[in-house]
Amino acid sequence: MRVADTIIPLKTPRSVMAALLDHFGEHGTVTGHEEAWSVAFEIGTASARLLDGSISFQVEAPDDTSLSYLQWGVVEHVLEFAPAEQPNVVWRGGFAQGSQLPYFREMRVLSARNVTPRMRRITLAGENLERFARHGMHVRLLLRPRPDTDVVWPVMAADGRQAWPEGERPVPRVYTLRRIDVAAGTVEIDFVLHEGDDMPGARFGAEAKPGDLVGMTGPGGGTLKPSPSYLFLGDETALPAIGRLLEELPDGAMAKAYVEIADDAERQDIALKPGVELVWLSRGGKLAGSTDGILQALRDVPDAFWGDDPYVWAGCEQSTARAIKAHLADTVQLKKGRSVVGTYWKRGAAGEVDE
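## Details of the side chain of Gln318
- Within the secondary structure, Gln318 sits in helix 7 (residues 318-332).
- We classify Gln318 as buried; its relative accessible area is 19%.

Structure, rendered in structure tokens:
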């Protein structure tokens, strides 16, 4: 096990301890009491002890990436719950300041091909990818803002977060690892081919050629909780994630998936197991975000389906995601913790969730 610890001086350590425990308790199993507690997460354990004018933290994890994530999470949330303070945080153990991030890889393009007219699959090669096959299926690609631009890669900061050397930073965009082959050292990532000027991800997907370099950090997010049945909802931006999740469902699981696409030419071949149903919702060429096919499919789910306490996974445009959350909470009254609804993009806005 890897271990790192730090003591963070604070003016209001007791209130920060309480806020941290409340937040971390939503994502892990808590032991201890308000002045000394531990939270066991899927990737490791974070412990805190209240001191006079400070909090002592220790994080423990089985691998470098998980340890780094725990360090980062502790510091980020301390600063969130004590925004007026700027404590000097230095960890003992962990990783040297200025060293390469344990969750960063420089990847090289091997090949590119169109899966459908508007979806292009890029195969990337890199070293030591085993950790990317566990505890998450999303990665953040670090892309050049313009072709042939030299960029710098992030490094470790003393406080466990990212630091950037001098130079031009890459543009981050979040994608799903559609497939990963640890033995071969390759991943496949699908890119929706948007039109527009401020689309570095779509541009990379359309123009990438063998030998091109890109940064990759991760993994994180996207995994499912065990359930006897599942409901998946999404548009083409979520299709890589839904496709992977459907193919990796445990044997015997029942699932329905509704995926909105531009037109029937965007249908993909996905290996479905017995008990899994995939329904394509064509917009008939209408603009993404301009129709309500996903919402209507959700409203039409039979009442009997909800009696099985299913798990719902959805990814789509922001306004649709909000409507899905409202329907699950108000109409279906789905139990807390039985859904993940993500905003994958926002109509009319550019940014990290836009591609």
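## Examining helix 1 (residues 13-24)
- Between the first and last C-alpha of helix 1 there are 16 Å, a value that for twelve residues agrees with the 16 Å anticipated at 1.5 Å per step.
- If you check which residues of helix 1 are buried, you get Pro13, Val16, Met17, Leu20 and Phe24. One face of helix 1 carries all of its buried residues, which in axial projection span an arc of 105°.
- Packed against the buried residues of helix 1 are strand 3 (36-40), strand 4 (45-51), strand 5 (54-61) and helix 2 (64-81).

## Describing the environment of Ala36
- Turning to its location among the elements, Ala36 is positioned in strand 3.
- For Ala36, a relative accessible area of 13% translates into the label buried.
- Along the sequence, Ala36 and Leu21 sit 15 residues apart, while their C-alpha atoms lie 9.9 Å from each other.
- With sequence-adjacent residues up to four places away left out, Ala36 is seen in contact with Met17, Thr31, Ala48 and Arg49.

## Structural notes on the pattern of salt bridges
- Scanning the model with the defined rule gives 23 salt bridges in all.
- Across the pair Asp190 and Arg121 runs a salt bridge whose closest N-O atoms are separated by 2.6 Å. Here Arg121 lies in strand 8 (residues 119-125) and Asp190 lies in strand 14 (residues 186-192), a separation of 69 residues in the sequence.
- A relative accessible area of 3% means that Asp190 is categorised as buried.
- Via salt bridges that share partners, Asp63, Glu130, Arg131 and Arg134 belong to a single interconnected network.

## Here's the deal with the sheet that holds strand 17 (residues 254-261)
- Taken in spatial order, the five strands line up as 18-17-16-19-20 in an open sheet, and their pairing is parallel. Each end of this open sheet is capped by a strand with a single partner; those strands are strand 18 (276-282) and strand 20 (339-345). Taken over all neighbouring pairs, the strand axes of this sheet differ in orientation by 10° on average, direction set aside.
- Examined bridge by bridge, strand 16 (residues 229-234) and strand 17 share six bridges and lie parallel to one another. Its bridge partner lying in strand 17, Phe232 is registered against Ala257.
- Helix 4 (residues 239-247) contacts strand 16, strand 17, strand 18, strand 19 (311-317) and strand 20 of the sheet and is inclined by roughly 160° relative to strand 16.
- Contacts from helix 7 reach strand 16, strand 19 and strand 20, with the element oriented near 155° to strand 19.

Basis of the calculations
Residues numbered from 1 in each chain as written. Predicted model: local features only at pLDDT ≥ 70, side-chain atom pairs only at ≥ 80, totals over all residues. Heavy atoms only, no water. Helix = DSSP H or I, 4+ residues; strand = E, 2+ residues; numbered from the N terminus. Buried < 20%, exposed > 50% of the residue type's maximum accessible area, 1.4 Å probe, protein only. Expected span 1.5 Å × (residues − 1). Arc of directions from axis to C-beta. Contact = heavy atoms within 4.5 Å. Salt bridge = Lys/Arg side-chain N within 4 Å of Asp/Glu carboxyl O. Pairing = 2+ DSSP bridges. Axes fitted to C-alpha atoms, helices over the stretch in contact; angles between N-to-C directions.

Taken by themselves, the reported measurements are silent on function.
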